[in-house]
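Observations on chain architecture
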Amino acid sequence: MMTFLTIFLVLVGINVALVAVSLISVSQKSKTSAQKLSKKPTSVIYPLDLLTTSYKKAV
């Protein structure tokens, strides 16, 4: 007959294994996505010219 402690330890062990598998898969995906991002051409971002804009009076 299994005690509460053994059932708890089995569930904790399964949880640790699932977290480890998840972290390994995430690290592999981040490596491939970084390689894909480096191949894409960078887009030019133009700064907003907020200081020189002139506002008209509303009233």
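Because the structure is predicted, anything quoted here is derived from the model rather than measured.

Focus: the overall build of the protein
- In terms of helices and strands, the protein carries one helix and zero strands.
- Put simply, the protein shows about 6300 Å² of open surface, and 72% of that area lies on carbon and sulfur atoms.

Some details on the packing of aromatic side chains
- All chains considered together, the criterion is met by one aromatic pair.
- Ring centres of Phe4 and Phe8 lie 6.1 Å apart, and the angle between their planes is 20°; this geometry places the pair in the stacked category. A residue pair is termed a helical-turn pair when its members lie 3 or 4 positions apart in one helix, as Phe4 and Phe8 do in helix α1 (residues 4-39) at four residues.
- For Phe8, a relative accessible area of 43% translates into the label partly exposed.

Details of a nonpolar patch on the surface
- Together, Met2, Ile7, Val10, Leu11, Ile14 and Leu18 make up an exposed nonpolar region whose accessible area comes to about 590 Å².
- Structurally, Val10 is set in helix α1.

Criteria and thresholds
- Residues numbered from 1 in each chain as written.
- Predicted model: local features only at pLDDT ≥ 70, side-chain atom pairs only at ≥ 80, totals over all residues.
- Heavy atoms only, no water.
- Helix = DSSP H or I, 4+ residues; strand = E, 2+ residues; numbered from the N terminus.
- Areas by Shrake-Rupley, 256 points an atom, 1.4 Å probe, with all protein chains shown as cover.
- Phe/Tyr/Trp six-rings, centres within 6.5 Å; stacked < 30°, edge-to-face > 60°.
- Buried < 20%, exposed > 50% of the residue type's maximum accessible area, 1.4 Å probe, protein only.
- Patch = residues over 30% accessible without salt bridge, like charges linked within 9 Å, V, L, I, M, F, W, Y side chains within 5 Å.
- Salt bridge = Lys/Arg side-chain N within 4 Å of Asp/Glu carboxyl O.

So far we have only geometry, and geometry alone does not tell us how the molecule works.
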